[in-house]
Each structure stands twice: as structure tokens, then as C-alpha cells.
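Report on the structure
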Amino acid sequence: MLISAEDVYRQAAEPNPPVLLDVRWALGDPDGEQHYHDGHLPGAVYVDLDTELAGPHEPLAGRHPLPSPRQLQAAARRWGINAGTTVVVYDNSGGLAAARAWWLLRWGGVADVRLLDGGLAAWRAAGYAEASGSARPRAAGDVVLDGGHLPVLTADEAAALPRTGTLLDARAGERYRGEVEPIDPRAGHIPGAVSRPTGENLQSGIPYFKTADELRERFADVRGTVGVYCGSGVTAAHQIAALAVAGIDAALYPGSWSAWSADPARPVATGDRP
């Protein structure tokens with residue numbers, strides 16, 4: 001599920017190159033498309049996370065609801081994805097945004113989706129050329145997506161999971177503990193959830209995933225069915241990717257904390273204990 005910059009460069013020159021998707025997004029940074037225009041992998045298509053990797057806002061659905069399979073299919077065809085196409089997604093933040101595209105396309109039914117390990121930083125470190133401005137328009141694809149190929153959790157299922165399995169909270173520790181809450185209605189975490197900040201999936205000081213052995217050690221205490229949530233279902237996808245590298249399957253709670261905390265009927269825990 002991870003691919004190196006060297007392998008992307010090699011495959012890009014082959015007769016059936018992968019579709020490259022640039023998912024430049026960060027909370028509080030509205031300029032992802034400008035960052036893309038400043039420099040991106042040659043041939044990459046810019047993907048807007050807020051409008052193309054999320055559905056319309058609905059009450060109690062969270063800040064980034066899942067798009068319908070029909071909406072995702074329309075976007076994927078715009079990006080030039082065909083049946084059997086290999087897709088490579090990347091960003092410039094260690095995969096924290098691109099993992100949302102990786103997860104959604106896998107959920108939709110695209111079998112071969114890879115995360116560029118190290119993202120744009122890895123491409124630059126390898127000395128490969130970048131393009132700027134807008135990408136050349138691609139021919140529309142024909143991929144058919146139907147959803148449901150990766151597991152998801154409802155709020156009730158997330159609430160019940162700690163009794164029989166492991167629910168991981170992928171947000172920063174201070175948000176889990178309820179010390180700060182910069183964007184969602186209430187501070188704290190889902191009772192029974194275990195703190196595993198997404199940023200700790202990456203190597204110290206560089207935007208590459210930890211090794212499979214390191215990630216297996218990081219998640220050595222997870223038991224039973226595993227679920228993951230974050231603020232709005234974006235960085236939780238990165239946690240699911242890291243778990244996959246470690247050989248562990250996990251389900252996403254798409255509404256995540258933004259949906260849970262907006263429902264006054266849902267209990268909230270604070271502090272460093274589940």
C-alpha cells in the first residue's frame with residue numbers, strides 16, 4: 001500500500017502509468033490548490049479534500065461526511081481513473097491528507113491505491129523534476145464505484161466497541177485529554193477510546209511511515225476488532241493505513257469527534273485514561 005518516489009518515477013514512464021492525485025490539505029490552511037500550482041508531481045491532478053473527498057454537510061454527520069459512491073465515482077472519473085487503474089496519492093504532510101483519498105478509493109472499490117511514502121518531500125529528496133501551474137486535462141475515466149469495500153462504524157458501534165475490541169483516537173493527545181478543542185463543540189474523547197496520535201505513525205522529524213516492525217510494536221496492545229476515529233474522519237484514515245502496514249485491519253468511524261461531540265446525548269470522557 002506504500003510506494004517509494006523511485007517506483008513512482010519508474011512507473012510514470014511505463015505504457016500504463018498510475019493516476020497521480022495531489023491531496024494538499026491541512027486544517028486551517030485553505031491554500032492547498034495554490035501549493036499544488038507552485039509545484040507538484042508531473043501529471044498529478046489536484047484533489048480538493050473538502051469538496052471532492054467529503055459529502056454535503058448534514059446534522060450530526062461531522063465536518064467531513066463520506067461522499068456517496070455516486071459522488072465519489074463522478075470525481076474519480078474526472079481524475080481519469082479507469083477500471084484496473086493504479087492510483088498513487090500524495091501530499092506534503094506525511095500522508096495525513098492523502099490517506100483520506102487512499103481510504104475512500106479503496107472503500108469505493110479501486111483495488112490498487114498506493115500512498116507515496118514521504119509524499120512531495122520524498123520526490124524532491126530524490127531530485128526529480130516538478131511541474132507547476134495546472135495539470136493537462138485528462139480523458140474522463142470509466143471506473144465504477146459502489147462503496148462498502150472497507151468497514152465503517154456508526155456512532156453506536158463506536159460507543160460499544162471498547163467493550164469487545166479496541167477504539168483508537170487518532171487526534172493529538174491534548175485534544176484526547178480535553179485540554180484544548182480548537183474546532184469541535186466539546187472537548188474530550190469517546191469513553192473507552194485509547195489515545196494513539198496519528199503523527200506518531202511517522203518517523204521522527206521526517207514524513208515517512210515507521211517500519212512495519214515499529215508499527216507492529218506501536219499497536220501491540222490492540223485487541224479484537226479495531227476501530228479508529230479522529231476529528232472528522234481524515235487523519236483516522238492515516239491511522240488505518242499505518243495499522244494496515246502492521247498487518248491489522250481496522251474500521252473507520254466517519255463522523256468521528258466532530259459528529260460525536262455535536263450530539264448532546266453522547267457522553268464525553270476527559271483525562272489520559274480511556
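Presented here is an overview of the structure given in this document.

So, on to the packing of helix H4 (residues 69-78) against helix H5 (residues 98-108). To characterise two packed helices, one gives the angle between the axes of the helices and the distance between these axes. One can describe the packing of H4 onto H5 by two numbers: an axis separation of 10 Å at closest approach and a directional angle of 115°. The pairing of H4 with H5 is recorded here as roughly perpendicular in orientation. In terms of crossing hand, the pair formed by H4 and H5 is left-handed. Listed contacts from H5 to Pro69, Leu72 and Ala76 of H4 are Leu104, Leu105, Trp107 and Gly108. Classifying every residue of the contact of H4 with H5 by side-chain character gives six nonpolar, one polar and no charged.

Turning our eyes to something else, we now look at the side chain of His40. For His40, the location among the structural elements is in the loop between helix H2 (32-38) and strand S3 (45-46). Ignoring anything within four residues of it in the chain, the contact list for His40 reads Asp22, Arg24, Tyr90, Glu130, Ala131, Ser132 and Gly133.

A word on the packing of H5 against helix H10 (residues 235-245). Where H5 meets H10, the axes come as close as 7 Å, and the angle between the chain directions of the two elements is 70°. Looking at the two axes, H5 sits roughly perpendicular to H10. Contact residues: Ala99, Arg100, Trp102 and Trp103 in H5; Ala237, His238, Ile240 and Ala241 in H10. Classifying every residue of the contact of H5 with H10 gives six nonpolar, one polar and one charged.

In this section: the nonpolar core. Within the largest apolar cluster, 51 residues are counted, with the highest numbers of intra-cluster contacts made by Leu21, Trp79, Val89, Trp103 and Leu105. Put simply, the parts of the chain that give this core at least two residues each are strand S2 (19-22), H4, strand S4 (87-90), H5, strand S5 (113-116), strand S8 (226-229) and H10. The leading source of residues in this core is H5, at eight residues. In contact with Leu21, not counting residues within four places along its chain, are Val45, Val47, Trp79, Val87, Val88, Val89, Tyr90 and Leu105. Core analysis: the next-biggest nonpolar cluster, separate from the first, contains 15 residues, Tyr36, Tyr46, Leu120 and Trp123 among them.

Taken as a whole and judged by the stated rule, the model has five aromatic pairs. Judged by centre distance (5.6 Å) and plane angle (45°), the ring pair of Tyr36 and Tyr46 falls under tilted. A residue pair is termed long-range when its members are at least 10 positions apart, and Tyr36 in helix H2 and Tyr46 in strand S3 qualify at 10 residues. On the basis of relative accessibility, which here comes to 3%, the residue Tyr36 falls in the buried class.

Conventions used here
- Residues numbered from 1 in each chain as written.
- Predicted model: local features only at pLDDT ≥ 70, side-chain atom pairs only at ≥ 80, totals over all residues.
- Heavy atoms only, no water.
- Axes fitted to C-alpha atoms, helices over the stretch in contact; angles between N-to-C directions.
- Helix = DSSP H or I, 4+ residues; strand = E, 2+ residues; numbered from the N terminus.
- Parallel < 35°, antiparallel > 145°, perpendicular 65-115°, else oblique.
- Left-handed = near helix turned anticlockwise from the far one by under 90°.
- Contact = heavy atoms within 4.5 Å.
- Nonpolar A, V, L, I, M, F, W, Y, C, P; charged D, E, K, R; others polar.
- Core = buried A, V, L, I, M, F, W, Y, C linked by side-chain atoms within 4.5 Å.
- Buried < 20%, exposed > 50% of the residue type's maximum accessible area, 1.4 Å probe, protein only.
- Phe/Tyr/Trp six-rings, centres within 6.5 Å; stacked < 30°, edge-to-face > 60°.

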